[in-house]
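Now for the letters of each chain:
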Amino acid sequence: MTEIAALVQESDFHSIWMVDSMTEGKEKVSVYIVATHDKSSAAFVDVGSALGVPRLMSALQELSIAPTAVRWIFLTHIHCDHFAGAWALLENLPNATIAVHPAGAYHVQDPSLISAAYVGLVGEDRFRKHYGSVRPVPAERIHAALNDEQFALGADGRLSMRAMHSPGHAPHHTHYALTVTGAPVGTELRHPVLTPTAGPLPPTGVAAVFPGDGFAACYQNMHKVGPRAAPVFFPQITTPFDVGAFRAGVDMVGRLEPAALLLPHYGMVPWQADHPAKVHKTLDRLLALVPLTDPAPDVQDLQMEMLCMVPAAARSETLMEDFEVVAHGLQAWHAQNKRK
Ligand SMILES: [Zn+2]
């Protein structure tokens, strides 16, 4: 049997695994499980659709993490590919609470508006196929996470998750940073999918940032592209999109200098100081595709332009689907910002 959960980072104090939630297809939406070293306390970051929840539960079993050990489900934002299955996962985790941006909490409690908006966009059939059903979550199991709020994972206080509001990709978007405190200097941080090791924990102790869609997509075939094997990032512009807040969210990640980025779309990317600059540059190029005068370019033209922006090795069906979403986002941005 192949393993469902892939170990992406560990130290003497924590482990992080990635699970392909299979939401919207294979290798599109990563869900992360964070646990203390003794697995007595664990958390999820994002969920994917309800259809993937049996996979997430199998992953816990595979990892010998008791469902009762899961205390938190951290939601980066309330888009269906990230949160739709939260209600179903919660039903399996008796001690878990959902942490979400205060502006998203209402939608987790009553997802009818969000669901209706998605159905309007993609149609009922595609909605059911991708997200299954989206049901309300009782208010007492939702925690509105404040900006800069810290969530302790485990009793010894070494491991904590910090919520940081980042309303660029969506008004209810939150970055999460996993911090290890009190670890001896030189504590080794291992990234088992890389060789041989990621080196010591960074001095600030931020082992990983979960930036949701507030940084960029980097699918598996985009992780090591070109002669220098550098990742290719593609920022996810949606509707509504706040360019200034998005850029601030990207810079926020830069200031944290995490050892690794754990992206929902898709997988772990080891940190390099020039990552934020790359995202800003691609965002500049995307915004330059849309003149601030009428008419706005049509969606197909925008998609073609985006295709030309990425190296051949980085192209995929999955990225093409993102281009469509980004093109609609750019059109909405044009409508908002064009000169009257
Ligand atoms: Zn999103």
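Before going into details, it helps to say that this report is about the structure given with it. (Residues numbered from 1 in each chain as written. Predicted model: local features only at pLDDT ≥ 70, side-chain atom pairs only at ≥ 80, totals over all residues.)

**Quick look at the sheet that holds strand β4 (residues 42–45)**
Stage number 1. If you walk across this open sheet you meet the 7 strands as β1-β2-β3-β4-β5-β6-β7, and the pairing is mixed. In this open sheet, the two strands that pair with only one neighbour each are β1 (5–10) and β7 (142–144). Averaged over all adjacent pairs, the angle separating strand axes in this sheet is 25°, with direction ignored.
Stage number 2. Here strand β6 (residues 97–100) pairs with β7 via 3 bridges, running parallel. Bridge assignment links A99 to a residue of β7, and that residue is H143.
Stage number 3. Relative to strand β2 (residues 14–20), helix α1 (residues 53–62) is tilted by about 145°, and along the sheet it contacts β1, β2 and β3 (30–36).
Stage number 4. Packed onto the sheet, helix α4 (residues 102–109) meets β6 and β7 and runs at close to 160° relative to β7. (Pairing = 2+ DSSP bridges. Helix = DSSP H or I, 4+ residues; strand = E, 2+ residues; numbered from the N terminus. Axes fitted to C-alpha atoms, helices over the stretch in contact; angles between N-to-C directions. Contact = placed C-beta atoms within 7 Å.)

**Some remarks on the nonpolar core**
Here is a general trend for soluble globular proteins: nonpolar side chains tend to be buried in one another's company.
Stage number 1. If you look at the biggest cluster of nonpolar residues, it comprises 104 residues, and the most contacted ones within it are Y32, A43, F44, I73 and A86.
Stage number 2. Here the element with the most residues in this core is helix α10 (residues 317–337); it accounts for 6 residues.
Stage number 3. Split by domain, the residues of this core number at least three in each of domain 1 (5–270) and domain 2 (275–337).
Stage number 4. With residues up to four places along the chain from it excluded, the contact list for A43 reads V34, V70, R71, W72, I73, F74, L153 and M161. (Core = buried A, V, L, I, M, F, W, Y, C linked by C-beta atoms within 7 Å. Buried ≥ 20, exposed ≤ 12 C-beta atoms within 10 Å, placed from the backbone. Domains from an automatic or database assignment.)

**Some words on the sheet that holds strand β8 (residues 150–153)**
Stage number 1. Strand order in this open sheet of 6 strands is β8-β9-β10-β11-β12-β13, and the pairing throughout is mixed. Strands at the two margins of the open sheet, each flanked by one partner only, are β8 and β13 (267–270). On average, each strand axis in the sheet is inclined to that of its neighbour by 25°, with strand direction left out of account.
Stage number 2. Pairing of strand β9 (residues 159–165) with strand β10 (residues 174–180), which is carried by 7 bridges, proceeds in the antiparallel orientation. When the sheet's bridge partners are listed, L159 is paired in β10 with V180.
Stage number 3. Contacting β9, β10 and β11 (206–210), helix α7 (residues 243–256) crosses the sheet at an angle of about 5° to β10.

**Re unusual backbone geometry**
Stage number 1. Cis geometry is found at the peptide bond from T239 to P240, where omega equals -5°.
Stage number 2. Position of P240 among the secondary structure elements: in the loop between β11 and α7.
Stage number 3. In this structure, Y266 follows H265 across a cis peptide bond, with omega equal to 20°.
Stage number 4. Looking at the secondary structure, you find Y266 in the loop between β12 (260–263) and β13.

**Some words on the packing of helix α5 (residues 112–122) against helix α6 (residues 124–131)**
Stage number 1. The contact between α5 and α6 brings their axes to 7 Å, and the two run at 120°. The angle between α5 and α6 places the two elements in the oblique class. Helix-helix and strand crossings are classified by hand; for α5 and α6 the assignment is right-handed. Side by side, α5 and α6 meet where Y118, V119 and V122 of the first sit next to E124, R126 and F127 of the second.
Stage number 2. Partitioning the contact of α5 with α6 into residue classes produces 4 nonpolar, no polar and 2 charged. (Parallel < 35°, antiparallel > 145°, perpendicular 65-115°, else oblique. Left-handed = near helix turned anticlockwise from the far one by under 90°. Nonpolar A, V, L, I, M, F, W, Y, C, P; charged D, E, K, R; others polar.)

**Details of helix α8 (residues 275–288)**
Stage number 1. Compared with the 20 Å implied by 1.5 Å per residue over 14 residues, the 20 Å span of α8 between its first and last C-alpha is a close match.
Stage number 2. Among all positions of α8, only H275, P276, V279 and L286 are buried. Angularly, the buried residues of α8 cover 95° about the axis, an arc narrow enough to put them on a single face. For α8, the exposed residues lying more than 90 degrees away from the buried face are D284 and A288.
Stage number 3. As for α8, its buried residues are in contact with α7 and α10. (Expected span 1.5 Å × (residues − 1). Arc of directions from axis to C-beta.)

**Some points on the pairing of β1**
Stage number 1. Across 5 bridges, β1 lies against β2 in antiparallel orientation. The residue bridging Q9 from the neighbouring strand is I16, located in β2.

**A few points about the pairing of β9**
Stage number 1. Within β9, 5 of the 7 residues are buried, which leaves the element mostly enclosed by the surrounding structure.
Stage number 2. Where β8 and β9 come together, 4 bridges link them in antiparallel fashion. Residue pairing for β9: A152 is matched across the bridge by S160.
Stage number 3. As consecutive antiparallel partners, β8 and β9 are separated by 5 residues, and within that stretch G154 has a phi angle of approximately 95°, a positive value.

**Let's talk about α6**
Stage number 1. Among all positions of α6, only F127, H130 and Y131 are buried. Within α6, the buried residues cover an arc of 80° as seen down the axis, which keeps them to one side.
Stage number 2. Within two residues after α6, G132 carries a phi angle of roughly 60°, on the positive side.

**So, the packing of α7 against α8**
Stage number 1. Axis separation between α7 and α8 bottoms out at 9 Å; the angle between their running directions is 165°. The orientation of α7 with respect to α8, classified from their angle, is roughly antiparallel. Between α7 and α8 lies a crossing of right-handed hand. Contacts between α7 and α8 involve V243, R247, V250, D251, V253 and G254 from the first element and P276, V279, H280 and L287 from the second.
Stage number 2. Residues that form the contact of α7 with α8 fall into these classes: 6 nonpolar, 2 polar and 2 charged.

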